[in-house]
Amino acid sequence: MFIPILIASLISLINAASIVSRSQSYPQPAVLGPQTTITIGNKVIAPDGFERSATLVNGIFPGPLIAAQKGDNFAIEVVNELKDETMFKSTSVHWHGIFQNGTNYADGTSFVTQCPIAQNHSFLHTFSAPNQAGTYWYHSHYSVQYCDGLRGALVIYDSHDPLAYMYDVDDASTVITLSDWYHVVAPVLRHIIGTTANSSLINGLGRYVGGPASDLAVISVEQGKRYRMRLVAMSCDPNFLFSIDGHNLTVIEADGELTEPVVVDQLTILAGQRYSVVLVADKPVDNYWIRSLPNLAAASFVGGTNSAILRYQGAPQVDPTTVSTAQTQLVETELHALINPGAPGIPGYGNADINLNLQITNLNGTFYVNDTPFKPPNVPVLLQILSGAQEPSQLLPNGSVIVLGANKVVELTLSIITGPGGPHPIHLHGHAFDVVQSAGNSTFNYVNPVRRDVVSAGNAGQQMVVRWTTDNSGPWFLHCHIDWHLDAGFAMIMAESPSDTAAHVNPVPQEWDQLCPIFDSLSPSQLGGGGKFSYEEAANMSPKLFPPSPLL
């Protein structure tokens, strides 16, 4: 299997090179094509100046950009070479925002659509995204593993993009990843109620308070050109207030869905969200601060924290001296879908075929969705369905699976009753949805709401309302994209037409069938994660701990 995949990856690398060749004047980051192999392993890195072992894709953070053209078929072999005992040694990789229509088994979601990939094993993800183009990403979907570094961007370029007239440059150099970073491994931090990041990274570089003046990311532009900057919030927790001093940002895409252009000079981007913004390099040749302020206590830009540099060609290689004058903030209700706008179904609240209400509460750090905290089942939900389970009473985990009929319009109201750490970004796998009510807003829009796949549910006392159509049979995860909250129970599974799933995902690869027997045979030491020592280390760091969890 590796030889044909290697040949295919070489071909796709050539294709990817042609995709990103519209701006050759700048050094290009690592780029892979849609048919490739990625190796998950451990390596010591210091993206903010603090050295630690991390869980990485091909040895780099963030992982390499996966670049494809609209209509390409994907064949991505995920090879697990994890060895570090302090972190998880099994893995799974989710392709965030890809609908996986007919390929639910390739969604990469541990215990929902597959068993994790064990150490020294691999799994080939084959899927297509025929009608999708835009900005996506990939990350581990096994416990809180992506917080240790397994995250990267995925872009599907459209040679017939209807908004291409607005920009000149759209390549690997204009992908901007925003992430949080931790100095302690995630298997320890997951035991702590209310853990906080040590730093924020832009394109994998940053600084922490009290740390060294380590390198910052530099994004190069040429005066007079227009750039499609693709922002990817690959955060485990905080959202970011993003701006570039002295420059407007014209939003043209949210989460893989084109929008009517909206001009702002700053925007808040939540964990899991993506925006494309057009930046016109029409300012004097100079250096300008790029700012990405996390919603964490005492966050600032002192000492170059939470910052990167926009450098015009010809500007000296020095830190900027610019100040922020940003004042026009993006408001979600001002975003409107460009293509085929309008929410599905009969307009008006409660007029969908299926009207769901989920209420979120929190007790002692654990999140409850309609009074049930999500706990991963031992048998992936897809395997349960393929083995004959169809009814909610048959599907595990009890109280965490909602069965939906086929080709129905669903209207979901998700309300935060209690729950710290908001605003909570809610992601649905397998779909984009229309946001008919944004959190903190009293109005409804069924005519031309924004369409996306991660939406804020706000804070305690707020709600959001979204609609989608159940045209993709299979179990799809709905969860908070703050990874610590997902781990603490903030999740639910939408099982679309289980009676149709076997036919819809046929054939399931034989490799997929082997994942669970291999994973289930692993000893605790083969699972990694530090075992009971991770809990002891957490207890040395904080008195606020969850009860010991099954992953110990």
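Details of the structure are given in the entry above.
Owing to the predicted nature of the structure, the values given are computational and were not obtained by experimental measurement.

A. Quick look at the overall build of the protein. A count of helices and strands for the protein gives eight helices and 31 strands. Compactness check: the protein gives a C-alpha radius of gyration of 22 Å against a globular reference of 24 Å for 552 residues, within 12% of the reference. For the protein, the C-alpha atoms occupy an extent of roughly 65 × 55 × 50 Å along the three principal directions. A separation threshold of at least 6 residues defines the contact pool for the protein, and within that pool the share at least 24 residues apart is 77%. If you sum the accessible surface of the protein, you get close to 20000 Å²; carbon and sulfur atoms cover 54% of it. Computed over 24 positive and 45 negative side-chain charges, the separation of the two mean positions in the protein equals 4 Å.

B. Seen up close, the sheet that holds strand S7 (residues 122-128). With respect to topology, four strands assemble into an open sheet ordered S3-S2-S5-S7, the strand pairing being mixed. Since the sheet does not close on itself, it has two edges, and those belong to strand S3 (52-57) and S7, each with one partner. Averaged over all pairs of adjacent strands, the angle between strand axes in this sheet comes to 20°, irrespective of strand direction. Here six bridges tie strand S2 (residues 35-45) to S3, and the two strands are oriented antiparallel to one another. Bridging across to S3, Ile40 finds its partner in Val57.

C. Region of interest: the layout of surface pockets. One number sums up the size of the second largest pocket: a volume of about 1000 Å³. Lining the second largest pocket are 42 residues; nearest its centre among them are Phe99, Asn131, Gln132, Gly256 and Glu257. Of all elements in the fold, only strand S8 (134-140), strand S9 (151-157), strand S13 (226-233), strand S16 (257-264) and strand S29 (463-469) reach the threshold of two or more residues within the lining of the second largest pocket. A breakdown of the residues in the lining of the second largest pocket according to their chemical character gives 15 nonpolar, 15 polar and twelve charged.

D. Up close: the sheet that holds strand S6 (residues 93-96). Strand order across the open sheet formed by five strands is S1-S4-S9-S8-S6, with mixed pairing between neighbours. Since the sheet does not close on itself, it has two edges, and those belong to strand S1 (31-32) and S6, each with one partner.

E. The side chain of Ser173, seen in detail. Along the chain, Ser173 falls in the loop between S9 and strand S10 (175-181). Among the polar contacts listed, one links the side chain of Ser173 to the side chain of Asp171, at a separation of 2.5 Å.

F. Up close: the pattern of salt bridges. Scanning all chains against the criterion turns up 19 salt bridges. Measuring nitrogen to oxygen at the nearest pair gives 2.7 Å for the salt bridge that ties Asp245 to Arg291. Of the two residues, Asp245 sits in the loop between strand S14 (240-244) and strand S15 (249-254) while Arg291 sits in strand S19 (residues 287-294), which places them 46 residues apart along the sequence. For Asp245, a relative accessible area of 1% corresponds to the buried category. Looking at Arg291, the relative accessible area reads 10%, which means it is buried. A salt bridge links Arg274 to Asp255; the nearest nitrogen and oxygen atoms lie 3.6 Å apart. Note that Arg274 is positioned in strand S18 (residues 274-280) and Asp255 in the loop between S15 and S16, a separation of 19 residues in sequence. The class for Arg274 is buried, based on a relative accessible area of 0%.

Cut-offs and rules
Here the residue index of a chain counts from 1 through its sequence in written order. Note on the predicted model: pLDDT of at least 70 is required for a residue's local features to be given, and 80 or more for side-chain atom pairs to be given and counted; whole-chain, interface and lining totals, by contrast, use all residues. Side-chain figures throughout are based on the complete set of non-hydrogen atoms in the structure, without hydrogens or water. To qualify as a helix, a DSSP run of H or I must reach at least 4 residues; to qualify as a strand, a run of E must reach at least 2; elements of each kind are numbered from the N terminus. Throughout, radius of gyration means the C-alpha value; the globule benchmark is 2.2 Å times the number of residues raised to the power 0.38. A contact between two residues is defined here by any heavy atoms of the two lying within 4.5 Å. All accessible areas in this document rest on Shrake-Rupley with a 1.4 Å probe, and a residue is counted as covered only by the protein chains that are shown. Positive charges come from Lys and Arg, negative ones from Asp and Glu, while His and the chain ends are left out of the count. To locate a charge, take atom NZ for lysine, CZ for arginine, CG for aspartate or CD for glutamate. Strand pairing is defined by DSSP finding a minimum of two bridges between the two strands. Here the axes come from fitting lines to C-alpha atoms, over the contacting stretch only for helices, and the angles between their N-to-C directions go from 0 to 180 degrees. Lining residues are defined by having an atom within 4 Å of a point belonging to a cavity or pocket. Those points lie on a 1 Å grid over the protein atoms alone, cavities being sets where a 1.4 Å probe fits but cannot get out and pockets being open sets with protein on both sides within 12 Å along at least five of seven lines. Grid points are joined across faces, edges and corners, and a volume is the space filled by probe spheres set on the points. Just so you know the grouping, Ala, Val, Leu, Ile, Met, Phe, Trp, Tyr, Cys and Pro go in nonpolar, Asp, Glu, Lys and Arg go in charged, and all remaining residues, Gly too, go in polar. In the analysis that follows, any N or O atom pair within 3.5 Å is treated as a polar contact, provided that within protein one partner can donate a hydrogen and the other can accept it, and provided that, for residues neighboring in sequence, both atoms belong to side chains. Think of a salt bridge as a Lys or Arg side-chain nitrogen and an Asp or Glu carboxyl oxygen that are within 4 Å of each other. A 1.4 Å probe rolled over the protein chains alone gives each residue an accessible area, and that area as a share of the maximum for its type sets the label: buried under 20%, exposed over 50%, partly exposed in between.

No statement about biological role is implied by the geometric values presented.
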